[in-house]
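Each chain is listed here by its residues.
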Amino acid sequence: MTVADRSTLLAIPTVKLLIGGEFVESRTTQWRDVINPATQAVLARVPFATPQELDAAVESGRRAFKTWRKTPIGVRARIFLKYQQLIRENMKELAALLTAEQGKTLPDAEGDIFRGLEVVEHAANIGMLQMGELANNVATGVDTFTLNQPLGVCAGITPFNFPAMIPLWMFPMAIATGNTFILKPSEQDPLVTMRLVELALEAGIPKGVLNVVHGGEAVVNGICDHPEIKAVSFVGSTKVGTHVYRRATLAGKRAQCMMGAKNHAVVLPDANREQTINNLIGAAFGAAGQRCMAASTVVFVGDSKDWIADLVARSQALKLNAGHESGTDVGPVISCAAVERISSLIERGIAEGAKLELDGRKPLVPGYEHGNFVGPTIFSGVKPGMSIYDEEIFGPVLVILEAASLDEAIELVNSNPNGNGTALFTQSGAAARRFQEDIDVGQVGINVPIPVPVPLFSFTGSRASKLGDLGPYGKQVILFYTQTKTVTQRWFDDETLHVGVNTTISLR
Ligand code: NAD
């Protein structure tokens, strides 16, 4: 390395680990650049933590758990009340950071943060959420009640596409329920996550309760294997999630893995044309198609010619630009590798016989010629068995299929292995009711293209999109992060109770 190379390297900030309440420099020799996908500017360098650093983070969580698990409800709740306020106050700064490293537009970055903020607000209500049940007089003078107690050190592994929302799905609920936490953010865009972690400490999360390690496969495997970690929450691709689920459960942990998707929007002929086209375009091309709930597949029931013409005309008009530029509709995808993967899938789509209605490859984006851009791309005549239908493209590519009837469309959706999200567009209540009854997908929208539930409910992806029974927020996550203990209790009153010896199993 030359002197000039070394001084350039030194000028690039490094992303810190968080261990025992201190932001520390990793001692690793393995680093990766965090790159602005619109410009290729190197924003920071992120370490791949060593096994010793993971051990130190877990040990700090283990020690902190001893006191944190017994911290009163009000103290825990007030931290999250303060935290939501800090996130709101810093929204613009957080969104700018997110856009710089991830690429999505500023309004969409605020949406990413806001959907996480909703979970933080929910965590502030932990007293009500974690309450057990009580049955009075289950036998004479006997009451039974449940305690929902924290597990210990829990861990979360997050993907690149929602670097604010998904970490916020995880550590606030785990910590509010009395656990301590090890967060492993995406190595592609960890900066906004780290700023959210700083704000969490500022809100009052005590030392050691929240820890952060960075890295890739080795650190994730270390988390799955670590004997002190009790539960692992993962969000990311199906390939990695399946591996994490197997490895973590084999090591005796609880695991929940939210994974890849192929979400179908079914459009009936009676659907409101203007609203439906707007919704489809937003849900297919927003965030450059890098959403696990993106409507990446449209199934038109009946004649689709006019619908396709409208979709193409409107999608062509979308403005492709860097996410921080005003008026941008579609920002860059995360990496050069993502551009290559998406472009090669488009080529396979053409080769396998689909009709390319709109080609977004190699777009010209003045001022951002080196950015990772792919424009809105639309295929019609797509069939199961084609790569562009069978694989998750995770880019701004919309594939269009046709069905002769609602029943045929339902059968098509149910035959796809993925079950993350789906939507129906119609004016018919009867058709909507049939769809919601018969469709085998975790999250269903009726005239709602991206039906991600608010935290009063849980995220409920299903089939190949999810492993583990319980969702990452809402009521289900309370069960995931707690162990239910059932206490059956009697207090003797010498004056009134003469139960004698009871050798049966029954209470009396
Ligand atoms: P990814 O699976 O590549 O990475 C997710 C996490 O796993 C990252 O923290 C990464 O460091 C780690 N990782 C990567 N390779 C690994 C390996 N070989 N072994 C162990 N760990 C590894 O996913 P991504 O590209 O960051 O995110 C996009 C994917 O996430 C898409 O498939 C998308 O559908 C999915 N996703 C799903 C949901 C959901 O709720 N179902 C939400 C968001 C994203």
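Everything in this summary refers to the structure shown in the same document.

Contacts to the ligand come from 27 residues, most closely from Thr 158, Glu 187, Ser 237, Met 259 and Glu 392. Here an oxygen atom of the ligand and a backbone polar atom of Phe 160 are 3.0 Å apart. A distance of 2.6 Å is found between an oxygen atom of the ligand and a side-chain nitrogen or oxygen belonging to Glu 392. Judged by the fraction of its atoms near the pocket grid, the ligand is located in the largest pocket. Of all the secondary structure elements, the ones that give two or more residues to the shell around the ligand are helix H7 (165-176), helix H9 (217-225) and strand E10 (229-235). By residue class, the composition of the shell around the ligand is 15 nonpolar, 8 polar and 4 charged.

Each regular strand displays side chains that alternate between the two surfaces of the sheet. Where strand E3 (residues 31-35) meets strand E4 (residues 42-47), 5 bridges bridge the pair, whose relative direction is antiparallel. Among the inter-strand pairings, Asp 33 is bridged to a residue of E4, identified as Arg 45.

Before going further, it helps to examine the layout of surface pockets. Considering only enclosed or pocket space, the largest pocket measures out at about 1,100 Å³ in volume. If you trace the largest pocket, you find 35 residues lining it, with Phe 160, Gln 188, Gly 236, Ser 237 and Val 240 closest to the centre. Elements supplying a minimum of two residues to the lining of the largest pocket: H9, E10, helix H10 (238-250) and helix H13 (336-351).

Structurally, Lys 104 can be placed in the loop between helix H4 (91-102) and helix H5 (106-123). Take Lys 104: its relative accessible area is 3%, and that puts it in the buried class. A polar atom in the side chain of Lys 104 sits 2.8 Å from the side chain of Asp 112. Those residues within four positions of Lys 104 in sequence are excluded, and the remaining contacts are Leu 98, Thr 99, Ala 109, Asp 112, Asn 161, Phe 162 and Gly 323.

Here is what the cut-offs are and how they apply
- Residues numbered from 1 in each chain as written.
- Predicted model: local features only at pLDDT ≥ 70, side-chain atom pairs only at ≥ 80, totals over all residues.
- Heavy atoms only, no water.
- Near = heavy atom within 4 Å.
- Polar contact = N/O pair within 3.5 Å; in protein donor to acceptor, adjacent residues only side chain to side chain.
- 1 Å grid on protein atoms, 1.4 Å probe; cavity = no way out; pocket = protein on both sides within 12 Å on 5 of 7 lines; lining within 4 Å.
- Sits in = over half its atoms within 2 Å of the grid points.
- Helix = DSSP H or I, 4+ residues; strand = E, 2+ residues; numbered from the N terminus.
- Nonpolar A, V, L, I, M, F, W, Y, C, P; charged D, E, K, R; others polar.
- Pairing = 2+ DSSP bridges.
- Points joined across faces, edges and corners; volume = space filled by probe spheres on them.
- Buried < 20%, exposed > 50% of the residue type's maximum accessible area, 1.4 Å probe, protein only.
- Contact = heavy atoms within 4.5 Å.

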